[in-house]
Amino acid sequence: MLWQRLEFYGLVMRMHHLRCIEVDVSDWDPPPTHPAALRALANELRLYCPTVTTVVFVYEFERHLVTVVGGFAVY
């Protein structure tokens, strides 16, 4: 899983104009469904692609929205 995550971040780093991304976390074990975990993942993603302002996490067809407001990730 770690290798896939690093590969994903490597691909995202190439997208210099990316603003919004949707990530399916249904197969993750354990699934990051707690708001704090989702905010942390969004912030981690922004380390590799700082232009991202909206992250939609999908867990079994349910969407969880994290947006960046004033530099802070908000669930």
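Details of the structure are given in the entry above.
Each value, and the rule that gives it
- Residue numbers run consecutively from 1 along every chain, following the written order of its sequence.
- In keeping with the predicted nature of the model, local features appear solely for residues at pLDDT of at least 70, side-chain atom pairs appear and are counted solely at 80 or more, and the whole-chain, interface and lining totals rest on all residues.
- Note that water and hydrogens are dropped before the side-chain values are worked out from all heavy atoms of the structure.
- Working definition: helices are DSSP H or I runs of at least four residues, strands are E runs of at least two. Numbering for both runs from the N terminus.
- The quantity called the radius of gyration is restricted to C-alpha atoms. Its globule counterpart is 2.2 Å times the number of residues to the power 0.38.
- Classification of residues uses two cut-offs on accessible area relative to the type maximum, computed with a 1.4 Å probe and protein chains only: under 20% is buried, over 50% is exposed, and between them is partly exposed.
- Each pair of strands is called paired provided DSSP finds at least two bridges between the two strands.
- Two rings from Phe, Tyr or Trp (for Trp, the six-membered ring) form a pair when their centres sit within 6.5 Å of each other. Planes less than 30 degrees apart are called stacked, planes more than 60 degrees apart edge-to-face, and all others tilted.

> Would you explain the overall build of the protein chain in this entry?
The secondary structure content of the protein chain amounts to two helices and four strands. When its helices and strands are written in sequence order, the protein chain yields α-β-α-β-β-β. In terms of overall dimensions, the protein chain is globule-like: its C-alpha atoms have a radius of gyration of 12 Å, near the 11 Å expected for 75 residues. Counting only C-alpha atoms and orienting by the principal axes, one finds that the protein chain spans roughly 30 × 30 × 20 Å.

> Explain the pairing of strand S2 (residues 54–59) here, please?
Every other side chain in a regular strand lies on the same face of the sheet, so the side chains alternate between the two faces. Burial of S2 is extensive: five of the six residues sit out of reach of the surface. Pairing geometry for strand S1 (residues 20–24) and S2, over five bridges, is parallel. Within S2, the residue paired with Asp 24 across the bridge is Val 58. Between the antiparallel neighbours S2 and strand S3 (residues 62–69) lie two residues, among them Glu 60 with a positive phi of about 50 degrees.

> Mind showing me how you'd approach the packing of aromatic side chains here?
Aromatic rings considered in pairs are described by the distance between their centres and by the relative angle of their planes. According to the stated counting rule, one finds two aromatic pairs in the structure shown. A centroid spacing of 5.6 Å and a plane angle of 50 degrees characterise the contact between Phe 8 and Tyr 9, whose relative ring orientation is tilted. The buried category is assigned to Tyr 9, whose relative accessible area is 5%. Every member of this aromatic cluster is reached through a ring pair, and the members are Phe 8, Tyr 9 and Tyr 48.

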